[in-house]
Amino acid sequence: MRRRADAPAALPSFRGLVLRVRGAMGERLGERRFPGRPQPAGIELEAYSAYAPGDDLRHLDWNAVGRLDALLVRRFTAEREVLVHLLLDCSASMGVPVRDGKLAAARQLAMALAQVALAGNDAVRVALLGGGTVPRETPVYRFGWRQGQPATGVARLAAFLAAAEARGAVALGAALEDHARRHPRPGAALVISDFMTDPAEVEGGVLALRARGYGVVLLHVIGAGELEPGREFRHGVLRDVESGATRPIALTRAALERYEALLAGHLAALEALARRTETTYARMTTASTVGEFVTGELARVGVVRRR
Amino acid sequence: MSAGVLNPTGALGLVAVAVLVALYLYDRRRRVIPVGTLFLWKQVAASPLDRRRFRPDALFLLQLLLLLALVGGYLRPYVQRADARPPGGRLVLVLDVSASMQAREAGETRFDVARRRARALLDALAPGDEAMLVTAADRAHVVLGWTADPDRVRQRLDALAPLDTPTRLGAALELALGEARARPGTRVAVFTDLPREASGVPADALAAVDYAQIGRTDDNLAIAGLVVDQPPFAALADVTVTVLVRNYGHAARSAVLEASIDGEPWMRRPLALGPRASEPVLLTGPRRAGVVAVRLVVDDALAVDNRAFAWIAPAEPLDLLVVTDSREVGAAFEQIAHTVAGSRLEVVNRARYEEEPLGGRRVAVFDGFAPPAAMNALYAAPPAGSGICPGDGLADEAAVVDWEVDHPAVRGLEGLQALRLARVRRLATPAWGAPVVLAAARGGDWPLLVLGDESGRRVACLGAELGPALGSSDGLPLLLLTLGTLRWLAEQVGQRVLVVETGTPSAAGSFRAAPVPGLRVAGDPPVVVAERTGRHRLGDALVLANLFDDRESDIGRDGDRVWPATVRPSAPLSAGGRHEVDWWLYLAAAALLALEWIVWLRKEPA
C-alpha cells in the first residue's frame with residue numbers, strides 16, 4: 001500500500017475522541033480532571049483535610065466547624081491540561097521498505113493524534129527524532145482563537161510533519177532520554193517509531209521519560225514488507241540503511257521461518273518492555289489505515305476514548 | 001502442411017537468451033535490498049549468492065518468452081499448405097523501345113536484335129512456364145501480363161516497334177524486379193542499348209537481372225534544337241528560326257539542311273561538322289506563316305532525329321481599342337503602337353465608350369472597369385464586384401511567384417519574377433478561365449493573370465494597374481506580359497498549334513479529341529504525350545512533335561555485352577500457399593511486454 005503525503009483534510013474525522021494517558025498531568029490549569037490529586041482550588045469537591053496554617057480561610061467548611069468543632073478545609077479535584085509530546089522517529093529505517101511508506105503512515109498517525117489532542121483542549125508539541133539533523137520540535141500548540149480567527153496550529157503542524165524525511169541514524173533510547181532532559185515537566189509522550197532496534201536500547205529512554213512523570217505510549221509502525229520479507233526479495237544483499245552494514249541472504253524456507261521467529265520474539269520483547277515500564281504499546285501495520293488504528297487498536301488499549 | 005524458416009541466421013538472436021541469464025546472475029550478485037535494520041537478519045544464516053542455484057522468477061520467465069518470441073519472429077517462420085503448387089519457370093522480358101533502338105547497323109535495327117534475342121529466350125521456356133512482356137520508353141508499359149501461352153507472347157513481341165521517345169528504363173526494371181520478388185525464381189531479362197550504369201537502378205538490384213546491351217555505332221547527325229523567334233505583332237520579315245545541328249559521331253560528317261514552310265521550300269544549306277561538333281543555323285526572312293519543316297539530308301544510323309518541326313504564327317498587326325481615363329496609359333499604348341509597324345490604335349475614355357460602345361477592333365483593353373464586350377478583351381485592374389473578373393480586394397507590394405511556362409501568352413518570357421507591383425487586385429479564378437500567372441504578397445497568393453474563353457471570345461483579367469510605367473524601362477516585365485497577353489488575345493480562334501517534345505507531357509489545354517496514333521491524351525486537366533515525331537492532327541489542333549534528346553541521339557556504345565544475373569530476388573512475404581507467421585510472434589512479444597511491465601510494477605518497489 002502506498003501513502004501519499006498526508007494532509008489534515010485527508011484524515012478521517014476523530015470528533016468526539018480524547019486522549020487518555022496515565023500519569024500525564026501537567027502543571028498548567030486545564031480541563032482534564034485528575035481524581036486523587038486534590039488541590040486547594042477548583043470546582044469539584046473531592047476531599048477534606050485538616051486546616052493548616054497558610055490554607056485559604058475561604059475554603060474552611062464552617063458547617064463542619066459548627067457541628068464537629070474542627071477546622072476542615074475543602075480540597076478539589078485537580079483540573080490540568082495535558083501536554084502531549086508526539087515524538088516521531090525519522091531515522092532512515094522509517095523509509096524502507098519504500099513501498100510500505102512507513103514514514104508517511106507515521107506522519108498521518110502523528111497528525112491524527114495531534115488533532116485529537118487539540119480537539120480535547122490538550123497542548124501539543126511535535127518533535128522529530130533524527131532525520132539527519134539535531135532533534136527538531138515545534139512550539140506548544142493549543143486549540144483556541146486568536147484575533148477572532150481559529151488558531152493555525154493544525155495547519156502548522158501539518159506543514160511541519162510534511163517536511164519530515166527519513167534520513168540518518170537514530171539511537172532511539174538516547175533520543176528519548178535527551179527529550180526527557182530538555183523537557184522535564186511531565187506530559188504524555190507518544191513515541192511513533194518502527195522500533196527496529198534492540199528493545200534494551202529503547203528501555204533506557206522510556207525509563208527516563210517515566211522518571212520525569214511522563215505517561216508514555218509506544219506506537220509501533222511496522223511495514224508489511226517487514227512482516228513478510230518474501231514480498232520484497234528472494235535473494236540479494238541486505239544493506240542496513242542506517243549503518244551501511246551488509247549481509248547476503250537467500251530467502252529460503254528455513255531462512256524465512258527463522259526470520260519470522262526472530263521477529264515474533266522482537267515484538268514480544270517490545271510488549272514486555274511496555275509492561276515493565278508501565279507504558280502502553282500498540283502496533284500498526286502499514287497495510288491498515290490510520291483511521292482503523294486510532295478508532296480500533298488505540299481505543300482497545302485505552303489510549304483514546306469517547307468523551 | 002510443412003513449416004520452415006526464411007531467415008535461419010536469425011537464430012543468432014538466441015545469444016540474447018544467454019545474455020539475459022548472465023544479466024540475471026549478475027543482478028543477483030549485485031542486487032542490494034535496503035532494510036531498516038540488520039539486527040534480526042544477523043541472526044539468520046548468511047547465504048553466499050554466487051554458490052546458489054539459479055532460480056528464475058516469473059519476471060525472468062516472461063522476459064525469456066518475450067525474447068524467444070522476438071527471435072522467433074526474426075527467423076521469419078512460415079507454414080506452407082501441402083496443396084500449394086510449386087513455382088514453375090517464369091520470365092519477365094523487358095525491351096527498350098525508345099528512339100535510339102531504331103538505330104540501324106549491319107542491316108538491321110537494334111530493336112530487331114533485341115527482339116530476336118528475346119524470342120530465343122521464349123523458345124527456351126519449358127511447357128507451362130510463364131512469361132511477361134514489358135516495354136520501356138518514356139514510361140514502363142506491361143504489354144502482356146503473365147501467361148503460359150508462348151505463341152501469344154511471340155505474337156505481341158512481333159507487333160512491337162520502337163517509339164520516338166526518350167528512355168526511362170529504371171521504371172520498367174523496377175516493375176520487373178517487383179514481379180520477380182513477388183514470385184520466387186522469376187528470371188528478368190533486359191534488352192536495351194543503354195549502358196548498365198545508366199539504367200537508373202542500383203547495381204545490387206541489377207544483380208538479379210540478365211542485362212543485354214546492344215549496339216556500337218555512333219554515326220548520327222541530329223537536329224538538336226529548333227527555335228522560332230517571333231516578337232509579338234512583328235512582321236514576317238522579322239521572324240527568325242534557329243536550328244541546332246549536332247554531330248554525335250567521332251568522325252567528321254557533311255550533310256544538307258533543308259527547310260520548308262507548309263511544303264514550300266524556304267532554304268537549303270550544306271553543312272560540314274567535325275567530330276562531336278555542333279553548328280547553329282539561322283534561317284531568316286520566311287515568306288509565309290505556317291509549319292516549318294527542317295530536314296537533314298544525310299545517311300546516318302538514326303533517322304528519327306533528322307527532322308524537326310516548328311510553327312510560325314501569322315503576323316497580325318496591333319489592332320487595339322484602349323478604353324481608359326488615364327492619360328498616361330493612353331500615351332503609353334500610343335508609344336507602343338508607334339513602334340509596331342502597321343498598328344491600329346484607338347484610345348477613348350470611359351464616358352465616351354459607355355456613350356457609344358465601339359467595336360470593329362480585334363482586341364480591347366479596358367483599364368479600371370469591366371464592361372461586357374463582344375470582342376476579345378484584356379481587363380486591367382478590374383473593379384471589385386466585377387462579374388467578368390471576380391476578385392476580393394487589393395494587396396500591396398506583390399510579386400510574381402509562378403506562371404504557366406507552356407501557355408502561349410507567356411511562352412518564352414523569362415524573368416517574370418522580377419515583376420514587382422506596388423498595388424494589385426486580388427483576382428479569383430472564374431469558371432471560364434484558368435490562372436496563368438500567380439502573384440503573392442503578405443497574406444497569401446492569388447492569380448495575377450487569368451486567361452480563358454468566355455462566351456465564344458478570349459478574355460484576359462490582369463490584376464495589375466497598367467499605369468504610366470508601361471512605357472518606361474522599369475515596366476519592362478509588365479510590358480512584355482501585356483504584349484504577350486495581347487498577342488494571345490489577337491490570335492485567330494481555331495488556329496491552335498502545340499509544339500511538343502516526344503515523351504514529355506504537355507498541357508493539352510482545351511483540346512478535346514480522341515487520341516490519334518502517335519499521341520496519347522490523358523488526365524484531367526488533359527495532357528498530351530507524343531510518341532512519334534512529326535505532324536499530328538488532334539481534333540482542330542495541330543500538334544508538332546520533335547525529338548530533342550541528347551541521350552537518344554548520342555547512340556555510340558561499346559558493342560553487344562551481356563551481364564548474367566548473379567542472384568535471384570529474395571522470396572516474397574507470402575507466395576505459393578506459404579504464409580509467414582512472424583507477425584503473430586511479434587504480436588505475442590508485444591503482449592508479453594505489456595504483461596512483463598504489469599508484473600514488474602507489482603513487484604518492484606517505487
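Just so you know, these numbers come straight off a predicted model, no measurement behind them.

**Considering the interface of chain A and chain B**
- Taken residue by residue, the interface counts 34 residues in chain A and 28 residues in chain B.
- When chain A packs against chain B, close to 3,000 Å² is buried across both sides, 66% of that on carbon and sulfur atoms.
- When residues of chain A are sorted by the area they lose upon contact with chain B, A:H235, A:V237 and A:R247 head the list and together hold 19% of the total.
- Inspection of the region where chain A meets chain B yields 0 salt bridges.
- Counting across the interface, chain A meets chain B through 9 residue pairs in polar contact (both at pLDDT 80 or more).

**What to know about the pairing of strand 7 (residues 130-136) of chain B**
Residues and elements named next belong to chain B.
- In terms of burial, strand 7 is largely enclosed, as 7 of its 7 residues are buried.
- Across the two faces of strand 7 the burial is the same, with E130, M132, V134 and A136 and A131, L133 and T135 all buried.
- Judged from the 7 bridges that link them, strand 4 (residues 90-96) and strand 7 form a sheet pairing that is parallel. Bridged to D96 within strand 7 is A136.
- Two elements, strand 7 and strand 8 (residues 140-147), share 5 bridges in a ladder whose sense is antiparallel. Directly across from V134, in strand 8, lies its bridge partner V142.
- A loop of 3 residues connects strand 7 with strand 8, the two strands running antiparallel in sequence.

**Details of the packing of aromatic side chains**
All names here are of chain B.
- Counted under the stated rule, the structure contains 9 aromatic pairs over all chains.
- On the basis of an interplanar angle of 85 degrees and a centroid distance of 5.7 Å, the ring pair of F366 and F369 is categorised as edge-to-face. The burial state of F366 is the same as that of F369; both residues are buried.
- Aromatic rings pair up to connect Y353, F366, F369 and Y379 into one cluster.

**Overview of the nonpolar core**
- Core analysis: the largest hydrophobic core is formed by 47 residues, its most contacted members being A:L109, A:L190, A:I192 and A:L219.
- By residue number, the principal contributor to this core is helix 2 (residues 102-119) of chain A, which donates 12 residues.
- Core analysis: the second largest hydrophobic core is formed by 46 residues, B:L320, B:V329, B:L478 and B:L479 among them.

**Observations concerning the packing of helix 2 of chain A against helix 3 (residues 153-162) of chain A**
Residue and element names in this part refer to chain A.
- In the contact formed by helix 2 and helix 3, the axes pass within 10 Å of each other and the chain directions differ by 165 degrees. By the angle between their directions, the pair helix 2 and helix 3 is classed as roughly antiparallel. Regarding helix 2 and helix 3, the two cross each other, and that crossing is right-handed. Along the contact surface, helix 2 presents R107, A110, M111, A114, Q115 and L118, while helix 3 presents V154, L157, A158, L161 and A162.

**Things to note about a nonpolar patch on the surface**
- On the surface, B:W597, B:I598, B:W600 and B:L601 cluster together into a nonpolar patch covering about 420 Å² of accessible area.
- Among the structural elements, B:I598 can be located in helix 11 (residues 582-603).

Reading the values: the criteria
Residues numbered from 1 in each chain as written. Chains lettered and ligands numbered in written order. Predicted model: local features only at pLDDT ≥ 70, side-chain atom pairs only at ≥ 80, totals over all residues. Heavy atoms only, no water. Contact = heavy atoms within 4.5 Å. Buried area = accessible area lost by both parts, 1.4 Å probe. Salt bridge = Lys/Arg side-chain N within 4 Å of Asp/Glu carboxyl O. Polar contact = N/O pair within 3.5 Å; in protein donor to acceptor, adjacent residues only side chain to side chain. Buried < 20%, exposed > 50% of the residue type's maximum accessible area, 1.4 Å probe, protein only. Helix = DSSP H or I, 4+ residues; strand = E, 2+ residues; numbered from the N terminus. Pairing = 2+ DSSP bridges. Phe/Tyr/Trp six-rings, centres within 6.5 Å; stacked < 30°, edge-to-face > 60°. Core = buried A, V, L, I, M, F, W, Y, C linked by side-chain atoms within 4.5 Å. Axes fitted to C-alpha atoms, helices over the stretch in contact; angles between N-to-C directions. Parallel < 35°, antiparallel > 145°, perpendicular 65-115°, else oblique. Left-handed = near helix turned anticlockwise from the far one by under 90°. Patch = residues over 30% accessible without salt bridge, like charges linked within 9 Å, V, L, I, M, F, W, Y side chains within 5 Å. Areas by Shrake-Rupley, 256 points an atom, 1.4 Å probe, with all protein chains shown as cover.

Keep in mind these numbers describe shape, not what the thing actually does.
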